[in-house]
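Read off the chains here:
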Amino acid sequence: DFCSSPAGIMLLEVFLVLGTVIIYFLLSRKKEETFLPLKEGWWGKGQRDTEEDTTIRPFKVETTEEELSDLFRRLDQARFTEPLENSCFHYGTNSKYLRKVVSYWKNQFNWKKQVEVLNKYPQFKTKIQGIDVHFVHVKPPRLPEGQSAKPLLMVHGWPGSFYEFYKIIPLLTDPASHGLSDEHIFEVICPSIPGYGFSEAPHKKGFDSVSAASVFYELMLRLGFKEFYTQGGDCGWLICTNLAQIAPSHVKGLHLNLALVTKMGFIHLLSILLGRYLPGLFGFQDEDVRRMFPFLKKGLYKMLLESGYAHIQATKPDTVGCGLNDSPVGLAAYILEKFSTWTDLEFRDLEDGGLER
Amino acid sequence: QTILWFPRSFEYSQKNAVLLPVAALGVGGILVYWLRSRHKIKTIEMGDGWWGSGERPLKGKEDESIRPFKIETSDQEIEDLHRRLERARYAQPLEGAAFDYGFNSNYLQKVVAYWRNQFDWRKQVEVLNKYPHFHTTIEGIDIHFIHVKPSYVPHGRAVQPLLMVHGWPGSFYEFYKIIPLLTEPARHGLNEGDVVFEVICPSIPGYGFSEAPHQKGFDTIATARIFHKLMNRLGFKEYYVQGGDWGSRITTNMSQMLPQSVKGLHLNVVFLGSPNLRQMLSVMIGAYVPWLVGFTREDVQRMYPFMQKNIYNVLQESGYLHIQATKPDTAGCGLNDSPVGLAAYILEKFSTWTDKSFLHKNDGGLESKYTLDELLTNVMIYWVTASIVSSMRYYKENLSKDPALSLDARIGVHVPTGIAAFPQEILHTPHVWAKKIFSNIVTFSYMPRGGHFAAFEEPRLLAEDIIHFVRKVEKL
């Protein structure tokens, strides 16, 4: 019979060799780089300084009468466009509701008071890779005997800021006072991503999430931390992930409230097409299926409807931001639209975008 | 050459002598019916609409008067503008960025300095008023248009009515340089006056001095219908139409809606709708054997390298389209409040869409093709009418539906068509693809230079092509 003939044996040998080669090839491909190379950059103006100032300087947010009166003047002369009848938040921020917000902004919002609120946590600035990096550093008020505070780096996203963490910080630095278990107590560091808020903006092209991760890595080292936890959502998720890839030995744990697929492979595509019918095959839980399908409606169309800002910001940021830097009302409309729609998509059907809920 | 249905033979039986003629009549009848139904042109239904505030009034006829209109300004308007320009806040551009990240704010500051100190809006208003303006109410909203008649018509010559429609971020003002070339061609050395036009340039509702629709759903088909009503109200039964950008889609819809009224359709941009498999295949094959798929050498030069010119470029340049087609009220809010932001947003297009290489210039190459006065006049039209948000809504109304399902995608265009293909246009449509939708292309011209704002940038070239096209149609 064929299998025992010399030709058959030779064929078998060929298959074995081929099989081994293929398996070896697959296995060797799977072994990936264990870490991302650290990207050292220089983001300051002009040429690189020879000596970098590594001091950590305390910082306080300040405001002036001039700043306030300039704001009020701009709010006073805001020009609005009537929304289409029955459009709610489907065309973007509804200008009827925006008028109410601006009126509150002019008459009841107290910026001086809010500055005091911002200053309740200690803030600092330090120069890293040529730019001033701003951060909040909150230590726990008391530590039980024998326990040490775990350092936690929390990174914001767009259009957020370090301020997003103000409510959660006490729950992490002082859990016992808030009815939470004090098994783990944290000291929290919330930096502002360079180009956001009180952190200086990079002057050179090319400042991406890996660059931000390397800046924050230097920050944590400068603060004396050898190991730390890191948490991120929105753009923060990518920076924190990159941090874990650059310096895995320093990142004790990575917590994310957003994770996106950056490389779409063939299996992913298959799982989208068939996952609804064979969830078990692709490892989907019931909750996964509920949230992801029908894919076109919940995935693709939703993404297309909500990603206009990402498209224009990824291509012409200087154009789109120009007017927003000059018109506080325009800035508010642009940013608040996200706080409405990204909190709950159903809020688009509401006249007030559900913002004050 | 007729097909012989029954060869003459004396061996026919009596039965065949009856059956065969009957079968012939049957088949012949089917053939005739099929041929006739192919020629019966499918059109877009005209329908009707109401775009005013609230409910449509049940009683009373619409006010059909045509009211003369003059653009005005005031000291208050100019002072308000100056104050905003003086207080503008800028962000430093990145080192070496030129126009890669959008409008370069260093150059923007120079433009704003000119705008504040040298630009004279009162003088520009007089320039705008040199042509007669009118308003008329159609479907509940005030439609603005200019109507320019030739001052002198040679004896016996017919004057062709020509409707020219602008796009975004343009306006009726884009046509100011080309109008005299069309109403008085002989005086400008274009021809002997055999083809003379009277030109009507409306503002699309929501743009400039045309009232913005108050109801959702105002798309190019509604616009096409309104412009037909406008021409009808002006007393025209047959007319030529010309357009680029949105104007191209609107005039195309007009030709699909009332082909008997459109003597000829001239376009400087062709929109094809979603690509089909055949087109994608021809792109791949065309890279190696262009003649096989009907591409000319000029086509090849303009379309390839395909990925870079058509995919990457389009992705790079379509951010505005994406955000305007989804969140126009958000995108436009700040621009309606900050004239500097408005200028940056609009003038970026006048830079990049005129010549793609302008992206690498620190000043966006703007002043190499246009004067600051004319660029800023166009921006001022959006500013003084506060129409940027409503102009952006047009994208959402037209692009949120599935393009394959739209009415106009399945109906061809059968009126005589002339296409002027400018080299720096964002996307090039080869003749062989255009033929699939436009069955009656009379002229297809590869223009030697020029970009998206053809009438504004190269009025003479465009006028020559329009005249060349109309001459051919009139001789037919």
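Computed from a predicted model, the values in this text were never measured in an experiment. (Residues numbered from 1 in each chain as written. Chains lettered and ligands numbered in written order. Predicted model: local features only at pLDDT ≥ 70, side-chain atom pairs only at ≥ 80, totals over all residues. Heavy atoms only, no water.)

1. Notes on the overall build of chain A
Threshold: Numbering goes from the N terminus for both helices and strands, where a helix is a DSSP run of H or I of at least four residues and a strand is a run of E of at least two. Burial classes follow relative accessibility: with a 1.4 Å probe on protein chains only, a residue under 20% of its type's maximum area counts as buried, one over 50% as exposed, and anything between as partly exposed. Here a residue-residue contact requires only that any non-hydrogen atoms of the pair lie within 4.5 Å.
Of regular secondary structure, chain A possesses 14 helices and 7 strands. When its C-alpha atoms are laid out on the principal axes, chain A stretches across 95 × 60 × 50 Å. Looking at chain A residue by residue over its 357 residues, the buried ones come to 41%. For chain A, the share of sequence-separated contacts (at least 6 apart) that also reach a separation of at least 24 residues comes to 69%.

2. Structural notes on the sheet that holds strand S7 (residues 251-256) of chain A
All names here are of chain A. Convention followed: We call two strands paired when DSSP finds no fewer than two bridges between them. Here an angle of 0 to 180 degrees is reported between the N-to-C directions of two axes, which are lines fitted to C-alpha atoms, with helices fitted over the stretch in contact.
An order of S1-S2-S3-S5-S4-S6-S7 is seen for the 7 strands of this open sheet, with the pairing classed as mixed. Strand pairing shows two members of the sheet lacking a second neighbour, strand S1 (56-59) and S7, which therefore form its edges. Recorded for the sheet is a direction-independent mean angle of 25 degrees between the axes of neighbouring strands. One ladder, built from 5 bridges, connects strand S6 (residues 228-232) with S7; its direction is parallel. When the sheet's bridge partners are listed, Phe228 is paired in S7 with Val251. Across the face of the sheet, helix H7 (residues 235-246) comes into contact with strand S4 (150-155), S6 and S7 while running at roughly 160 degrees to S7.

3. Structural notes on the nonpolar core
Here is the rule we go by: Side-chain atoms within 4.5 Å are what join buried Ala, Val, Leu, Ile, Met, Phe, Trp, Tyr and Cys residues into a set we call a nonpolar core.
Counting 131 residues, the largest nonpolar core has Trp168, Ile178 and Leu182 of chain B as its most contacted members. Residues Val133, Val210, Ala213 and Ala247 of chain A belong to the second largest nonpolar core, which totals 26 residues.

4. Quick word on the pairing of S4 of chain A
On a regular strand, one side chain projects to one face of the sheet and the next to the other, so that they alternate. Residues and elements named next belong to chain A. Across the 6 residues that make up S4, a large majority, 6, are buried. Side-chain alternation along S4 places Lys150, Leu152 and Met154 on one buried face and Pro151, Leu153 and Val155 on a second face that is also buried. One ladder, built from 4 bridges, connects S4 with strand S5 (residues 186-191); its direction is parallel. Bridge pairing in S5 places Pro151 opposite Glu187. As judged from the 4 bridges shared by S4 and S6, these two strands associate in the parallel manner. Paired with Met154 across the strands is Gln231, a residue of S6.

5. Side note on empty space enclosed by the protein
Residue and element names in this part refer to chain B. Operational definition: Grid points spaced at 1 Å over the protein atoms alone were grouped into cavities, where a 1.4 Å probe fits but cannot get out, and pockets, open sets with protein on both sides within 12 Å along at least five of seven lines, with lining residues defined by an atom within 4 Å of a point. Grid points are joined across faces, edges and corners, and a volume is the space filled by probe spheres set on the points. In this classification, the charged set is Asp, Glu, Lys and Arg, the nonpolar set is Ala, Val, Leu, Ile, Met, Phe, Trp, Tyr, Cys and Pro, and all remaining amino acids, among them Gly, are polar.
Overall, the coordinates contain 9 cavities of 30 Å³ or more when judged by the stated rule. Reported here for the largest cavity is a volume of approximately 130 Å³. If you trace the largest cavity, you find 17 residues lining it, with Gly167, Glu174, Gly244, Asn268 and His452 closest to the centre. Put simply, the parts of the chain that give the lining of the largest cavity at least two residues each are strand S6 (239-243) and helix H19 (454-457). Residue composition of the lining of the largest cavity, by class: 7 nonpolar, 8 polar and 2 charged.

6. Some words on the interface of chain B and chain A
Convention followed: A 1.4 Å probe defines the accessible area here, and the buried area is the portion of it lost by two parts on being joined, summed over both. Salt-bridge detection follows one rule: a side-chain nitrogen of Lys or Arg within 4 Å of a carboxyl oxygen of Asp or Glu. Two N or O atoms count as a polar contact when they lie within 3.5 Å, although within protein this holds only if one can serve as hydrogen donor and the other as acceptor, and sequence-adjacent residues are included solely when both atoms are side-chain atoms.
Contact residues are listed per partner, giving 57 residues for chain B and 53 residues for chain A. In total, about 4,800 Å² of surface goes out of reach between chain B and chain A, with carbon and sulfur atoms giving 48% of it. When the buried surface of chain B facing chain A is broken down by residue, Glu95, Tyr101 and Lys327 of chain B rank first, second and third, together holding 15% of it. Between Glu317 of chain B and Lys316 of chain A there is a salt bridge, and its shortest N-O distance comes to 3.1 Å. For the interface between chain B and chain A, the tally reads 34 residue pairs in polar contact (both at pLDDT 80 or more). Among the secondary structure elements, those contributing two or more residues to the side of chain B that touches chain A are helix H2 (75-86), helix H10 (306-317), helix H11 (319-326), helix H12 (328-337), helix H13 (339-352) and helix H16 (388-399) of chain B. Here the side of chain B that touches chain A gets 8 residues from one element, more than from any other, and that element is H12 of chain B. When grouped by side-chain class, the residues that make up the side of chain B that touches chain A number 23 nonpolar, 19 polar and 15 charged.

7. Here we look at unusual backbone geometry
A negative phi angle is the norm for most residues apart from glycine, just as the trans form is the norm for most peptide bonds. A cis geometry characterises the amide bond from Trp158 of chain A onward to Pro159 of chain A, with omega recorded as -5 degrees. With respect to the helices, strands and loops of the structure, Pro159 of chain A is situated in the loop between S4 and helix H5 (169-173). Cis peptide bonds are those with omega within 30 degrees of zero, and the linkage from Trp168 of chain B to Pro169 of chain B qualifies with 0 degrees. Within the secondary structure layout, Pro169 of chain B lies in the loop between strand S4 (159-165) and helix H5 (179-183). The backbone phi angle of Asn86 of chain A is positive, close to 60 degrees, even though this residue is not glycine. Among the structural elements, Asn86 of chain A can be located in the loop between helix H2 (65-76) and helix H3 (95-107). Here the phi dihedral of Gln129 of chain A falls at roughly 50 degrees; this positive angle occurs in a residue that is not glycine. The topology assignment puts Gln129 of chain A in the loop between strand S2 (123-128) and strand S3 (131-138). We classify Gln129 of chain A as buried; its relative accessible area is 3%.

8. Remarks on the sheet that holds strand S3 (residues 141-148) of chain B
All names here are of chain B. Across the sheet, 9 strands lie side by side as S1-S2-S3-S5-S4-S6-S7-S8-S9; this open sheet has mixed pairing. Unpaired on one side and paired on the other, strand S1 (66-69) and strand S9 (441-446) mark the two borders of the sheet. Ignoring which end each strand starts from, the neighbouring axes of this sheet average 25 degrees apart. Pairing of S4 with strand S5 (residues 196-202) involves 5 bridges; the strand directions are parallel. By the bridge assignment, Val159 is partnered in S5 with Val196.

9. Considering the pattern of salt bridges
All names here are of chain A. One pass over the structure, following the stated rule, counts 38 salt bridges over all chains. For the salt bridge of Arg57 with Asp132, the shortest nitrogen-to-oxygen distance reads 2.9 Å. Of this pair, Arg57 sits in strand S1 while Asp132 sits in strand S3; the two residues are 75 residues apart in sequence, bridging distant segments of the chain. Overall, Arg57 belongs to the partly exposed group, its relative accessible area being 28%.

10. Some remarks on the UniProt feature "domain: Epoxide hydrolase N-terminal" (unreviewed entry) in chain B
Our working definition: UniProt positions are given in the numbering used here, feature names are shortened, and annotations may be inferred rather than shown by experiment.
Mapped onto this structure's residue numbering, the UniProt feature "domain: Epoxide hydrolase N-terminal" (unreviewed entry) falls at residues 66-175 of chain B. A helix fraction of 30% and a strand fraction of 23% characterise residues 66-175 of chain B, whose end C-alpha atoms lie 21 Å from each other.

11. Side note on H2 of chain B
Along an α-helix, a turn takes 3.6 residues, which lines up residues three or four apart on a common side. All names here are of chain B. Filter applied, for reference: By this rule the span expected of a helix is its residue count minus one, scaled by 1.5 Å.
Between its first and last C-alpha, H2 extends 16 Å over 12 residues, near the 16 Å set by a 1.5 Å rise per residue. For H2, every residue scored as buried is listed here: Ile78, Asp80, Leu81, His82, Arg84 and Leu85. Its buried side turned inward, H2 meets helix H3 (105-117), helix H4 (121-128), H12, H13 and helix H15 (372-384).

12. Thoughts on the environment of Asp120 of chain B
Residue and element names in this part refer to chain B. With respect to the helices, strands and loops of the structure, Asp120 is situated in the loop between H3 and H4. Classification of Asp120 by relative accessible area gives partly exposed; the value is 37%. On a C-alpha basis, the gap between Asp120 and Ile78 in space is 9.5 Å, while along the polypeptide they are 42 residues apart. Reaching out from Asp120, the side chain makes a polar contact with the backbone nitrogen of Arg122 at a distance of 3.2 Å.

13. Quick word on the UniProt feature "domain: Epoxide hydrolase N-terminal" (unreviewed entry) in chain A
Residues annotated by UniProt as "domain: Epoxide hydrolase N-terminal" (unreviewed entry) correspond here to residues 56-165 of chain A. Secondary structure content for residues 56-165 of chain A is 30% helix and 22% strand, while the C-alpha to C-alpha distance between its ends is 21 Å.

14. Remarks on the confidence of the model for chain B
Put simply, the rule reads: Note: pLDDT gives the predictor's confidence per residue, expressed from 0 to 100.
Mean pLDDT for chain B: 89, with 92% of residues reaching 70 or above. Interface confidence in the predicted complex, given as ipTM, is 0.84; pTM for the same model is 0.86.

15. Describing the environment of Asp75 of chain B
All names here are of chain B. With respect to the helices, strands and loops of the structure, Asp75 is situated in helix H2. Between the alpha carbons of Asp75 and Arg122 there is a distance of 9.5 Å; along the sequence they are 47 residues apart. There is a polar contact of 2.6 Å between the side chain of Asp75 and the side chain of Arg122.

16. Notes on helix H7 (residues 246-257) of chain B
All names here are of chain B. Taking 1.5 Å per residue as the helical rise, H7 with its 12 residues ought to reach 16 Å, and the 16 Å between its terminal C-alpha atoms agrees with that figure. Along H7, 11 of the 12 residues are buried, which leaves the element largely enclosed by surrounding structure. Every buried residue of H7 is listed here: Trp246, Gly247, Ser248, Ile250, Thr251, Thr252, Asn253, Met254, Ser255, Gln256 and Met257.

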